[in-house]
Each structure stands twice: as structure tokens, then as C-alpha cells.
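Inside the fold
Here's the letter readout for the chains.
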Amino acid sequence: QVQLVESGGGLVQPGGSLRLSCEASGFTVSMYTMSWYRQALGKERELVAAIGSTGGSANYADSGKGRFTISRDNAKNTVYLQMNSLKPEDTAVYFCHALRVVVIRREYWGQGTQVTVSS
């Protein structure tokens, strides 16, 4: 059974840090492009960061450049999003996403984890 389970969200003050985790089961994250998306209340879901399959590079939306780092631990089949210098505008539900397009398209979403940046 394919599953993506996010964790690590919560309430943090502006300037603080959080590390989100996305543990995968039922497939191998190293073979997929793994991404983090977020959706703020009343807004569309947007890409935050992505990391390619084995050997692939990481890419970031302008909103997270210099503050967010996406990484992958193949041994744990887990993807992380380290978020530093958080701002109130980072408040959103963060979703983990997996995509592989080889012959057929395989795409999976996690259930999301809430991040709230507020004093």
C-alpha cells in the first residue's frame, strides 16, 4: 500500500525553524521526484521545493530560497524540508508529493501537515 505520511508541523514564532518529514511506504523515494507543496487558506497549492530522483538536484520556489532545504534519506525512505527564518506568510498546510513518469505516471500525495508561524 502506497502511503506518504507527513509530520513535524506545528506552531512556531517568526524567525523560528521547523523540520518537516515525509515518510514513504510502498515505493522507493529515490526513484521519484519528491516535492513539498503548500496551501494557505484561500489560496492555491504552490510548489515549495523539489528534489530529483537519485542524482537529481534540488529546486526551490523564490519564497523559500535561502531559507528552506529539501533533502532525502534513502535508507529511511524519507524526505525532509528544513525551514529556517520562518515568516507569518509561510503559514500553510504543507503536502508531500511523489512523482515518477516512466512508461506510466505514478503520483502520490500525503495528507498534509499544518505549519503556523505566529507570535
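As a reminder, the structure under discussion sits directly above these lines.
A brief structural summary. No experiment lies behind these values; they were computed from the predicted model shown.

For the rest of this paragraph, the subject is the overall build of the protein chain. For the protein chain, the helix and strand inventory stands at 0 helices and 11 strands. Starting at the N terminus, the α and β elements of the protein chain follow one another as β-β-β-β-β-β-β-β-β-β-β. At 14 Å, the protein chain has a C-alpha radius of gyration in line with the 14 Å of a compact globule built from 119 residues. Considered along the principal axes of its C-alpha atoms, the protein chain spans approximately 45 × 25 × 25 Å. Burial analysis of the protein chain (119 residues in total) assigns 39% to the buried set. Summarising the internal contacts of the protein chain: among those between residues at least 6 apart in sequence, 54% fall at separations of at least 24. Carbon and sulfur atoms form 48% of the exposed surface of the protein chain, whose accessible area is close to 6400 Å². A distance of 4 Å separates the average location of the 12 positive side-chain charges in the protein chain from that of its 9 negative side-chain charges.

Tallied over the full model, the rule gives 1 disulfide. The disulfide partner of Cys22 is Cys96, and the gap between their sulfur atoms is 2.0 Å. With the S-S dihedral at roughly -80°, the linkage between Cys22 and Cys96 falls on the left-handed side. Placement of Cys22 in strand β3 (residues 18-25) and of Cys96 in strand β9 (residues 92-102) is noted, with a sequence separation of 74 residues between them. Each member of the pair, Cys22 as well as Cys96, is classed as buried.

Looking now at the packing of aromatic side chains. Applying the stated rule across the entire model yields 5 aromatic pairs. With 5.9 Å between their ring centres and 35° between their planes, Tyr32 and Tyr108 make a pair best called tilted. In this pair, Tyr32 sits in the loop between β3 and β4 (33-39) while Tyr108 sits in strand β10 (residues 104-109), placing the two residues 76 residues apart along the sequence. Owing to a relative accessible area of 21%, Tyr108 belongs among the partly exposed residues under this scheme. When the ring centre of Phe95 is taken as origin, the NZ or CZ atom of Arg45, which lies over that ring, is 3.7 Å away. Here the guanidinium or amino end of Arg45 rests over the ring plane of Trp109, the centre of that ring lying 4.6 Å away.

All right, on to the pattern of salt bridges then. Overall, the coordinates contain 5 salt bridges when judged by the stated rule. Here Lys65 and Asp62 are joined by a salt bridge, their closest N and O atoms 3.2 Å apart. The exposure classification of Lys65 matches that of Asp62, with both residues exposed. Because the salt bridges share partners, they merge into one network encompassing Arg38, Glu46, Arg67 and Asp90.

Attention now goes to a nonpolar patch on the surface. A cluster of nonpolar side chains, Val102, Val103 and Ile104, forms an exposed patch at the surface whose accessible area comes to about 310 Å². Its place among the elements puts Ile104 in strand β10.

Attention now goes to unusual backbone geometry. With a phi angle near 50°, Ser85 is a residue other than glycine that sits in the positive phi range. Its location among the elements puts Ser85 in the loop between β8 (78-83) and β9. Accessibility expressed as a relative area gives 41% for Ser85, which makes it partly exposed.

Core analysis: the biggest nonpolar cluster contains 26 residues, and Leu4, Phe27, Met34, Trp36, Leu81, Met83 and Tyr94 have the highest contact counts within it. Going through the elements one at a time, β3, β4, β5 (46-51), β7 (68-73), β8, β9 and β11 (113-117) are the ones with two or more residues in this core.

Reading the values: the criteria
- Residue positions are counted from 1 within each chain, in the order its sequence is given.
- Local features are withheld for residues below a pLDDT of 70 in this predicted model, meaning they are given only at 70 or higher, and side-chain atom pairs are given and counted only at 80 or more; totals for whole chains, interfaces and linings count all residues.
- Note: side-chain values were computed over all heavy atoms of the structure, leaving out hydrogens and water.
- Helix and strand definitions follow DSSP, with helices as H or I runs of at least four residues and strands as E runs of at least two, each counted in order from the N terminus.
- We compute the radius of gyration over the C-alpha atoms and compare it with the globule rule, which gives 2.2 Å times the number of residues raised to the power 0.38.
- The cut-offs for exposure are 20% and 50% of the maximum accessible area for each residue type, with area from a 1.4 Å probe on protein chains only; residues under the lower value are buried, those over the upper are exposed, and the others partly exposed.
- Whether two residues are in contact is decided by their heavy atoms: any pair within 4.5 Å suffices.
- Each accessible area is a Shrake-Rupley result for a 1.4 Å probe, and residues are judged covered by the shown protein chains and nothing else.
- Note on charges: Lys and Arg go in the positive column, Asp and Glu in the negative column, and His and the chain ends are not counted at all.
- In plain terms, the charge of a residue is placed at NZ if it is Lys, CZ if Arg, CG if Asp and CD if Glu.
- Defined by distance alone, a disulfide is two cysteine sulfur atoms within 2.5 Å.
- What counts as a ring pair is set by centres within 6.5 Å for rings of Phe, Tyr and Trp (its six-membered ring), and what kind of pair is set by the plane angle: stacked under 30 degrees, edge-to-face over 60, tilted for all other angles.
- Lysine and arginine charges are scored as sitting over a ring when NZ or CZ, respectively, is within 6 Å of the ring centre and within 35 degrees of the ring normal.
- For salt bridges, the criterion is a side-chain nitrogen of Lys or Arg within 4 Å of an Asp or Glu carboxyl oxygen.
- Only residues whose relative accessible area exceeds 30% and that form no salt bridge are eligible for patches; like-charged ones are grouped when within 9 Å, while nonpolar side chains (Val, Leu, Ile, Met, Phe, Trp, Tyr) are grouped when within 5 Å.
- Each nonpolar core is a collection of buried residues, namely Ala, Val, Leu, Ile, Met, Phe, Trp, Tyr and Cys, held together in the definition by side-chain atoms within 4.5 Å.

Taken by themselves, the reported measurements are silent on function.
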